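Take a look at the letters that make up each chain.
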Amino acid sequence: MTLIDSFRRRVTYLRVSLTDRCNYRCAYCMPADGVALRPRAELLSFEEIERVVRCFARMGVRRVRLTGGEPTVRRDVVELARRLAALPGIDELCLTTNGHLLAELARPLREAGVRSLNVSLDSLRADRFRAITRRGDLDAVLAGIEAARAAGFPSLKLNAVGLRGINEDELADLCRFAWQREIVPRFIEWMPMGEGEAFSPGAFLSAREMRARIEADLGGRLEPIVGAGGGIAGPARTWRHAPSGRDAGFIAALTENFCETCNRVRLTSAGEIHTCLARDEAVSLRDLLRAGATDDALEEAILASVIGKQSGHAFTTLGCGGPRTQMVAIGG
């Protein structure tokens with residue numbers, strides 16, 4: 001079976017959430033007091049995750065990204081990475097992290113087979129970073145980034161959510177910081193998850209506005225790289241800063257959406273398939289797994305879910321149109 005939805009989009013990319021727990025409380029991601037957590041018994045075991053990913057690989061998935069919550073707070077994450085990287089058919093294992101524990105985990109993760117690493121970094125100012133993350137330690141994240149550089153990941157990116165009146169004056173500084181270290185910065189539009197509970201329309205910053213601010217502060221134009229992004233690698237559209245020849249990615253889910261090229265589905269830490277981050281509809285593979293389903297039955301359920309994938313999302317810049325579920329529960 002090949003994973004092709006009813007709009008002829010081929011699914012080759014699986015994002016696997018390892019936990020709904022996180023050691024940060026980023027203002028754009030969840031309420032200050034956190035969210036209701038699933039009981040640990042409801043989370044997929046490593047054996048269950050490995051089995052599901054093996055099924056996806058047989059159906060054409062070639063890229064797997066470990067997410068959360070914060071994936072590095074899942075005990076023995078390095079061992080799971082090693083097991084998934086060794087699965088036949090998986091060409092690239094990736095991980096997205098807030099970087100807090102990366103100083104000690106970067107090299108073990110790289111040795112386990114993680115090839116691509118994305119680290120969230122929304123500010124280079126310690127007080128502002130702490131305010132955005134509500135718990136974050138900028139020094140710990142910067143140490144983690146340096147450890148990741150030393151570990152030699154073939155792909156290393158920095159993710160920043162652009163926020164009007166909060167960090168828009170740092171977008172160019174984040175570019176400089178990344179480029180000086182041979183890292184690609186990526187700027188993300190704020191998405192109104194959880195029915196927009198944490199979303200503030202006044203703080204929303206579009207990708208166009210982010211590019212304009214970067215151009216104004218750095219000087220020179222950002223030019224789109226034709227054909228870059230939105231495909232096998234993921235949703236980021238790549239732009240090149242003409243004077244420096246350096247690249248930056250922009251993930252504009254609201255204003256420049258990429259639904260027509262979407263090749264991704266998500267597996268939550270509780271074993272539910274979400275074919276769209278912006279929709280609540282899900283199919284539980286955990287229930288099938290624990291009821292003794294065969295691999296054929298799992299693959300049939302996966303295919304049925306993918307065939308039902310909708311054409312696009314309903315996000316709006318006013319904060320409505322999103323799912324009831326928080327991003328930390330689905331997996332970023």
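Reference entry: report on the structure contained in this document. This one's a predicted model, so the numbers in the text were calculated from it and none came from an experiment. (Residues numbered from 1 in each chain as written. Predicted model: local features only at pLDDT ≥ 70, side-chain atom pairs only at ≥ 80, totals over all residues. Heavy atoms only, no water.)

Digging into the environment of Val35
(1) Moving on: Of note, Val35 is situated in the loop between strand E1 (13-17) and helix H1 (46-58).
(2) Moving on: Residues Val35 and Arg25 lie ten residues apart in sequence; the distance between their C-alpha atoms is 9.7 Å. (Helix = DSSP H or I, 4+ residues; strand = E, 2+ residues; numbered from the N terminus.)

A short note on the packing of aromatic side chains
(1) Moving on: Enumeration according to the criterion identifies two aromatic pairs in this entry.
(2) Moving on: Relative to Phe129, the ring of Tyr24 has its centre 6.2 Å away and its plane inclined at 80°; by these criteria the two rings are edge-to-face. Remark: Phe129 occurs in helix H4 (residues 126-133) and Tyr24 occurs in the loop between E1 and H1; sequence separation between them is 105 residues. One exposure class covers both Tyr24 and Phe129, and it is buried.
(3) Moving on: Across the ring face of Trp239, the terminal group of Arg211 is positioned such that the distance to the ring centre comes to 3.9 Å.
(4) Moving on: Stacked on the ring of Phe250, the Lys or Arg Arg211 has its end atom at 5.4 Å from the ring centre. (Phe/Tyr/Trp six-rings, centres within 6.5 Å; stacked < 30°, edge-to-face > 60°. Buried < 20%, exposed > 50% of the residue type's maximum accessible area, 1.4 Å probe, protein only. Lys NZ or Arg CZ within 6 Å of the ring centre and 35° of its normal.)

Considering the packing of helix H3 (residues 102-112) against helix H5 (residues 138-151)
(1) Moving on: At a minimum axis distance of 8 Å, the contact between H3 and H5 shows a crossing angle of 20°. Classed by the angle they form, the pair H3 and H5 counts as roughly parallel. You can see that H3 and H5 cross each other, and the crossing is right-handed. Only Ala143, Gly144, Ile145, Ala147, Ala148, Ala150 and Ala151 of H5 make contact with H3, whose side of the interface consists of Leu102, Ala103, Ala106, Arg107 and Arg110.
(2) Moving on: The class makeup of the residues in the contact of H3 with H5 is nine nonpolar, one polar and two charged. (Axes fitted to C-alpha atoms, helices over the stretch in contact; angles between N-to-C directions. Parallel < 35°, antiparallel > 145°, perpendicular 65-115°, else oblique. Left-handed = near helix turned anticlockwise from the far one by under 90°. Contact = heavy atoms within 4.5 Å. Nonpolar A, V, L, I, M, F, W, Y, C, P; charged D, E, K, R; others polar.)

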